[in-house]
Structure formats: structure tokens, C-alpha cells
Amino acid sequence: RLAQPPPDGFLQAPALNAAATMPLTGASSTLVGQQFGVYRIDSQLGSGGMGVVYRATDTTLGRAVAIKLLPPELAFDPERRARLEREARALAALNHPHIAHVYGFQSISGATSDSVGNALVMELIDGLTLTDVLQKGPLAIDDALRLGAQIADALAAAHEHGIVHRDVEPANVMVGESGVKVLDFGLAKLAAATSDGALPPGEAMTQPNEVLGTVSYMSPEQSEGKPVDARSDVFSLGVVLYEMLCGRRPFTGDTAIATLAATLKSAPPRPRVVRKDIPSSLERIVLRCLEKMPEARYASARDLHQAL
């Protein structure tokens, strides 16, 4: 099963902030302009298969927040609700300047029924997705290094809490004045407990041979439905680094299957062939991230961060 966001994915706009009990009524478009608890829904920021994100105002504190709900047709699907709760718990366990902060996760009840859904309220981030930034072409070397190092630092913090993101791609990275914010831990795997017990082990929501992720950025082992660890995120970040530097992805195809085949079998064009001013040392870093075998990559995002 491939969870591939559409081109206008649900976080393709400035997004993400905290929760209260609030009724959910009808289709998502009916929520704009309504007041739920202390929150007033101001606009819809985006939508996709993994959720609908709204810009809202916390009328008590006078600040803008982002509220993520499941799409109406999936609001009461047990697996999707569990996945949204996992995202909330993953974000709540992390306190890092380059990871979107969660303010709350709470049940919400329908105005005309006893049904219960869930809402994730998060930090509202002003900026653009990295996807939007890359529409203008490849980045300057220094900018690619800076943003890449910040993403690696964020992933390292997640990995140190036993969290593998599993969907590292430009649409899930916001770029603002203070740098990047990594978003959307909806596919995250909780691989191990933290030292303080914040996250229990064994909460991966996937079964063996289940494929989840965004096709163009998945590691070989992820695309084959094999077990993944932090090195899978290192591969995905390698794809993002390549795209930031070269203005194209390293593995492409006319179809999703062709792209997966290229990821599994093909060597990417060397970055310095695509762009002459990339330092050879940086090319080595990117190509090491893109090794087919996990053991040939950086052992951790922390090691990659230090290399960058």
C-alpha cells in the first residue's frame, strides 16, 4: 500500500499549533468560520489523504494555531485515528527547534450525534514548504547545507526518542525565517521507548510487507516492505539533499512502479555531473546517504548532521 500525497498535499501551505473539546459538524468546508471551544476556524490550509489542516485562532491567548483533523470520510476509521494519535504522541515527545510543536490532542464530538473524532492542534508555522521553495530551482550550496543540517538534526532528535519518520520529503518540511520545521509524523514508527518512558515500544501501525511512504523518497528497504530504522530516513534525506542541490530527484520514472524500480536497481547521476560547483566532499555525503544497503549509509542522522 503506497501512501503518496497528491501534488497539492495537505501541508502545501503555511501551516502548523493546540486542542480543546470541540464539535465536528458535517463536511470539512462547513467548519470555516465556526467557533469550537476557544478556537475559531479561520481558513482551510490544505487537505489530503492523511488529514485536513485549518488555520485557527486561540481566542483566549490571541494566537494563531493549526488544527489537523482526519478527512470527514475517515474521521472514525480506527486505523487512521490511531495513526493521528501516534503522530500527536510522537510530536509531544519531541522538543526541538526544527520540529513542529504539538499543543494538544483531544476527542471532539459531533454536534448532532454521540460520535467522537480527534483533533491535533499544533504550532502554526509561517513560511513555505520546501516543495514550494524548490519550484524556483536548486538552492545555493550554503542554503542546501544549512537546511539539510537542520533537517538531519531534527531527525536525529526523533531517532534518539525511538521515532523513525518514514515520510521525509520536501512537502513535509516548512522553511521560514528561523529555518526549517519538520512536519507530519503521521507515518512515524515508534521503534523503541525513550529513556524516561515517554513512548512505549512496539507501536508500529504497519504489518510486515506493508509499504508506506512517498514513492520518490522511499528507501529501497521501505519500498520492499522490509523493516526500517533510522537509516531509512537517512536515505530519504539523501534524496532531499540531492534535489536541493541538483534541482531534480535522483530516482525517477514514468510511473510509481518505474520510480521504485530505479530506487532499487539504478545508480543516480553523480551530483557533480549535474551541477559542477558542488564540492566533491558534499557529493560523497549525498551518495553515501543514497547507498542501496542500509549498512553502507551513515549509521544515524546524527552522523549525517555532523558530516554536513
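Our subject is the structure that appears above.
Residues numbered from 1 in each chain as written. Predicted model: local features only at pLDDT ≥ 70, side-chain atom pairs only at ≥ 80, totals over all residues. Heavy atoms only, no water.

Draft legend 1. Broad picture of the pairing of strand β4 (residues 63-69). Of all seven residues in β4, five are buried; the element is thus mostly enclosed. Examined bridge by bridge, strand β3 (residues 51-58) and β4 share seven bridges and lie antiparallel to one another. Its bridge partner lying in β4, Val52 is registered against Leu69. Once β3 ends, the chain turns through four residues before running back antiparallel as β4, passing Gly62 with a positive phi of about 70°. (Buried < 20%, exposed > 50% of the residue type's maximum accessible area, 1.4 Å probe, protein only. Helix = DSSP H or I, 4+ residues; strand = E, 2+ residues; numbered from the N terminus. Pairing = 2+ DSSP bridges.)

Draft legend 2. Quick look at helix α5 (residues 230-246). Taking 1.5 Å as the rise per residue, α5 with 17 residues should run 24 Å; its terminal C-alpha atoms sit 24 Å apart, in good agreement. With 16 of 17 residues buried, α5 lies mostly within the body of the structure. The first or second residue beyond α5 is Gly247, which carries a positive phi of 75°. (Expected span 1.5 Å × (residues − 1).)

Draft legend 3. How the structure looks around the pairing of strand β10 (residues 179-182). One ladder, built from four bridges, connects strand β9 (residues 173-176) with β10; its direction is antiparallel. Bridging from a neighbouring strand, Gly176 pairs with Gly179 of β10.

Draft legend 4. Summary view of unusual backbone geometry. A positive phi angle is found at Arg166, which is not glycine, with a value near 75°. On the basis of relative accessible area, Arg166 is assigned to the buried category, the value being 7%.

Draft legend 5. Seen up close, the pattern of salt bridges. All chains considered together, the criterion is met by eleven salt bridges. The salt bridge partner of Asp153 is Arg302, with a shortest N-O separation of 2.6 Å. Here Arg302 lies in helix α9 (residues 301-307) and Asp153 lies in helix α3 (residues 141-160), a separation of 149 residues in the sequence. On the basis of relative accessibility, which here comes to 23%, the residue Arg302 falls in the partly exposed class. Counted as one network, the salt bridges with shared partners bring together Asp153, Glu160 and Arg302. (Salt bridge = Lys/Arg side-chain N within 4 Å of Asp/Glu carboxyl O.)

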